[in-house]
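Here is how the chains run, residue by residue.
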Amino acid sequence: MLAFNSAVAGIIVNVTCGCQAIYQLTSDGNDKLCSFRGFLLHAAAGLLYQTLCVQALHRLFVVVFATRRYLRSIKVMTSITIIQWLLSITFGIPALVIGRIVYQSGSRICQASLTDLTIFLYLAMFIYFCPLTIIALIYIRIVHFTKQHSFTTNIQHSPADQHRQRRELRFIRRLLITVGVIFFMSFPYLIFFLRAQFFP
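Residues numbered from 1 in each chain as written. Predicted model: local features only at pLDDT ≥ 70, side-chain atom pairs only at ≥ 80, totals over all residues. Heavy atoms only, no water.

Draft legend 1. Fine view of the packing of helix H2 (residues 34-63) against helix H3 (residues 74-90). Close contact between H2 and H3 brings their axes to 8 Å; oriented N to C, the two are set at 155°. One element, H2, and the other, H3, form an angle in the roughly antiparallel class. In the crossing of H2 with H3, the sense of the turn from one axis to the other is right-handed. For the pair H2 and H3, the contacting residues are Phe39, Ala43, Gly46, Leu47, Gln50, Thr51, Val54, Leu57, His58 and Phe61 in the first and Met77, Ile80, Thr81, Gln84, Trp85, Leu87, Ser88 and Ile89 in the second. Per-class residue counts for the contact of H2 with H3 are 11 nonpolar, 7 polar and no charged. (Axes fitted to C-alpha atoms, helices over the stretch in contact; angles between N-to-C directions. Helix = DSSP H or I, 4+ residues; strand = E, 2+ residues; numbered from the N terminus. Parallel < 35°, antiparallel > 145°, perpendicular 65-115°, else oblique. Left-handed = near helix turned anticlockwise from the far one by under 90°. Contact = heavy atoms within 4.5 Å. Nonpolar A, V, L, I, M, F, W, Y, C, P; charged D, E, K, R; others polar.)

Written out as structure tokens, the structure reads:
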């Protein structure tokens, strides 16, 4: 269910970006629906990151709170997924309603202006920083827990459980390395992007 959730979010992001690209190629893109398309772009990007956040939360329930089986139930995970969709749909509405998603003539796209720091930081927090911070904290907690409990000699842990915990630890270490590499590799792109926006 969670993998399907992320797949649907990815499809929405790709379809939204594809539609926006068609508008950019066929016209200047500054029509009545420009602000709404900008809202959809922001909402779809936030949706994708938040689906990854829900997956990390599920892994936390599986590894750290393994004894609380109700947290992994279909009912709980469905409720969390519904809340995630509602947050993704609604967080960009204030920017749309007050008219802060505007047409950018340089890129021929409607989006929150980088010179409008209030709305830019507001959207950046919901789309990028909050989900990634939560994901990072969850995986750090899982790694810390797994290091403490993977190799204990407690008789309650069967060999199969210990093998599963070692596998989880290897997986999360590799995931954290990948996330760290992507995060540090994105800094040059971020610098070039900000430079192009503020000093065209």
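Next comes the rest of the write-up.
Draft legend 2. View of the packing of aromatic side chains. With the rule as written, the count across this model stands at 5 aromatic pairs. An angle of 90° between the planes, with centres 5.6 Å apart, marks the rings of tyrosine 49 and tyrosine 128 as edge-to-face. Here the residue tyrosine 49 occupies a position in helix H2, and tyrosine 128 occupies one in helix H5 (residues 117-149), the gap between them amounting to 79 residues. Accessibility expressed as a relative area gives 27% for tyrosine 49, which makes it partly exposed. For tyrosine 128, a relative accessible area of 26% puts it in the partly exposed group. With a centroid separation of 5.6 Å and 10° between ring planes, the pair formed by phenylalanine 91 and phenylalanine 126 is classed as stacked. Of the two residues, phenylalanine 91 is situated in the loop between H3 and helix H4 (93-97) and phenylalanine 126 in helix H5; the sequence distance between them amounts to 35 residues. (Phe/Tyr/Trp six-rings, centres within 6.5 Å; stacked < 30°, edge-to-face > 60°. Buried < 20%, exposed > 50% of the residue type's maximum accessible area, 1.4 Å probe, protein only.)

Draft legend 3. A look at the state of the cysteines. By the definition in use, this model includes 1 disulfide. Between the sulfur atoms of cysteine 34 and its disulfide partner cysteine 110 the distance amounts to 1.8 Å. Between cysteine 34 and cysteine 110, the S-S torsion sits near 115°, and that sign places the bridge as right-handed. Pair noted here: cysteine 34 is in helix H2 and cysteine 110 is in strand E2 (residues 109-112), with a separation of 76 residues, a long-range link. (Disulfide = S-S within 2.5 Å.)

Draft legend 4. Molecular detail of the UniProt feature "transmembrane region" (unreviewed entry) in the chain. The UniProt record marks residues 47-67, 79-99, 119-140 and 175-194 with the feature "transmembrane region" (unreviewed entry), using the residue numbering of this structure. Structurally, residues 47-67 is divided into 81% helix and 0% strand, and its ends, taken at the C-alpha atoms, are 30 Å apart. (UniProt positions renumbered as here; feature names shortened; annotations may be inferred.)

Draft legend 5. Focus on a nonpolar patch on the surface. On the surface, a cluster of nonpolar side chains totalling about 340 Å² of accessible area is made up of Tyr23, Leu33, Phe36 and Leu40. Secondary-structure assignment places leucine 33 in the loop between helix H1 (2-26) and H2. (Patch = residues over 30% accessible without salt bridge, like charges linked within 9 Å, V, L, I, M, F, W, Y side chains within 5 Å. Areas by Shrake-Rupley, 256 points an atom, 1.4 Å probe, with all protein chains shown as cover. Salt bridge = Lys/Arg side-chain N within 4 Å of Asp/Glu carboxyl O.)

Draft legend 6. Spotlight on H3. Here H3 spans 24 Å end to end across 17 residues, near enough to the 24 Å set by a 1.5 Å rise per residue. What H3 keeps buried is the set Met77, Ile80, Thr81, Gln84 and Ser88. For H3, the angular spread of the buried residues around the axis is 100°, confining them to a single face. Within H3, the exposed residues directed more than 90 degrees away from the buried face are Lys75 and Leu86. Where the residues of H3 are buried, they touch H1 and H2. (Expected span 1.5 Å × (residues − 1). Arc of directions from axis to C-beta.)

Draft legend 7. Layout of the pairing of strand E1 (residues 101-104). One ladder, built from 4 bridges, connects E1 with E2; its direction is antiparallel. For glutamine 104, the partnering residue across the bridge sits in E2 and is isoleucine 109. Between E1 and E2, which pair antiparallel in sequence order, lie 4 residues; one of them, arginine 108, sits at a positive phi of approximately 55°. (Pairing = 2+ DSSP bridges.)

Draft legend 8. Inspection of a positive patch on the surface at higher detail. On the surface, Arg166, Arg167, Arg170 and Arg174 cluster together into a positively charged patch. Note on placement: arginine 166 falls in helix H6 (residues 159-198). (Lys, Arg positive; Asp, Glu negative; His and termini not counted. Charge placed at Lys NZ, Arg CZ, Asp CG, Glu CD.)

Draft legend 9. Structural detail: the confidence of the model for the chain. Model confidence for the chain is summarised by a mean pLDDT of 80, while 82% of its residues fall at 70 or above. Predicted confidence in the chain is weakest over H6, with a mean pLDDT of 68, and strongest over H3, with 91. (pLDDT = per-residue confidence, 0-100.)

Draft legend 10. Summary view of the nonpolar core. Judged by nonpolar contacts, the single largest core of 14 residues is most densely connected at Val63, Val64, Tyr139 and Ile142. No other element matches H5, which puts 6 residues into this core. Dropping the residues within four chain positions of it, isoleucine 142 is found in contact with Ala56, Arg59, Leu60, Val63, Val64 and Ile172. Core analysis: the next-biggest nonpolar cluster, separate from the first, contains 11 residues, Phe91, Ile101, Cys110 and Ile119 among them. (Core = buried A, V, L, I, M, F, W, Y, C linked by side-chain atoms within 4.5 Å.)

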